[in-house]
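Geometric and topological summary
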Amino acid sequence: MNRLILPRLLAATAAVAIGLAALWALQVDSPAQAASPASGSTVVATYGVGGVLKSNGFLYQWRPEKKVWVTIDESFRMDGETRKVLPIPVAASEVARMEGFGFIVTRSGSCWLYNLDSNRWENIGRP
């Protein structure tokens, strides 16, 4: 009987180890959840390559050289620029489209542009 218990025990131990490794890998592969101060918020829009808007209103940018998510303002700082993109001028739930970090079209059709010269958001109305 002991000969049957040992293989089962080893198989169960291996299964638990594989399951724990898979959970650890999921956490490592999700740096937005680990690095984001508001990991409970959800992605509501994307912009550009590697940019997301979360339901908390923060814009995050993936930095592949550091393998980390950072806010858009921090991403600019990492490039030696000072910007104050956050907070965005409307609630995240009002954003209908974003093509780049600095252009927002709301669900009501208003357009907002981030002016790089003045470092502020401007409501540019509707087309």
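Basis of the calculations
Residues numbered from 1 in each chain as written. Predicted model: local features only at pLDDT ≥ 70, side-chain atom pairs only at ≥ 80, totals over all residues. Heavy atoms only, no water. Pairing = 2+ DSSP bridges. Helix = DSSP H or I, 4+ residues; strand = E, 2+ residues; numbered from the N terminus. Axes fitted to C-alpha atoms, helices over the stretch in contact; angles between N-to-C directions. Phe/Tyr/Trp six-rings, centres within 6.5 Å; stacked < 30°, edge-to-face > 60°. Buried < 20%, exposed > 50% of the residue type's maximum accessible area, 1.4 Å probe, protein only. Lys NZ or Arg CZ within 6 Å of the ring centre and 35° of its normal.

**Focus on the sheet that holds strand β2 (residues 51-54)**
Taken in spatial order, the four strands make up an open sheet running β1-β2-β3-β4, and their pairing is antiparallel. Both edges of this open sheet fall to β1 (43-47) and β4 (68-71), since each of them pairs with a single strand only. Each strand axis lies, on average, 30° off the axis of its neighbour in the sheet, ignoring direction. Note: β2 against strand β3 (residues 59-63), three bridges, orientation antiparallel. In the strand pairing of β3, Val52 is matched with Tyr60.

**Describing the packing of aromatic side chains**
Counted according to the given criterion, the structure contains five aromatic pairs. A centroid spacing of 6.1 Å and a plane angle of 55° characterise the contact between Phe101 and Tyr114, whose relative ring orientation is tilted. On the criterion of sequence distance, the pair formed by Phe101 in the loop between β5 (95-100) and β6 (103-106) and Tyr114 in strand β7 (residues 111-115) is long-range, its members being 13 residues apart. Look at Tyr114 and you get buried, because its relative accessible area is 4%. Here Tyr114 and Trp121 contribute two aromatic rings whose centre-to-centre distance is 5.5 Å and whose plane-to-plane angle is 70°, an arrangement assigned as edge-to-face. Grouping residues by exposure puts Tyr114 and Trp121 together as buried. Ring-pair connections join several aromatic residues into one group, and the members of that group are Phe76, Phe101, Tyr114 and Trp121. In this structure, Lys54 is placed above the aromatic ring of Tyr60, and the distance from its NZ or CZ to the ring centre is 5.7 Å. Between the NZ or CZ atom of Arg83 and the centre of the ring of Phe76, over which it lies, the distance is 5.8 Å.

**Here we look at unusual backbone geometry**
For the peptide bond that leads from Leu86 to Pro87, omega is 0°, which places it in the cis range. Mapped onto the elements of the fold, Pro87 is located in the loop between α3 (72-78) and β5. A positive phi angle is found at Lys67, which is not glycine, with a value near 55°. With respect to the helices, strands and loops of the structure, Lys67 is situated in the loop between β3 and β4.

**Notes on the pairing of β6**
Burial of β6 is one-sided: the residues Ile104 and Thr106 facing one way are buried, the residues Phe103 and Val105 facing the other way are not. One ladder, built from four bridges, connects β5 with β6; its direction is antiparallel. In the sheet register, Val95 faces β6, and the bridge partner there is Thr106. Counting the residues that bridge the hairpin from β5 to β6 gives two residues. Summarising the sheet, β6 and β7 pair through three bridges and their orientation is antiparallel. Bridged to Phe103 within β7 is Leu113. Counted between consecutive antiparallel strands, the loop separating β6 from β7 contains four residues, among which Gly109 sits at a positive phi close to 100°.

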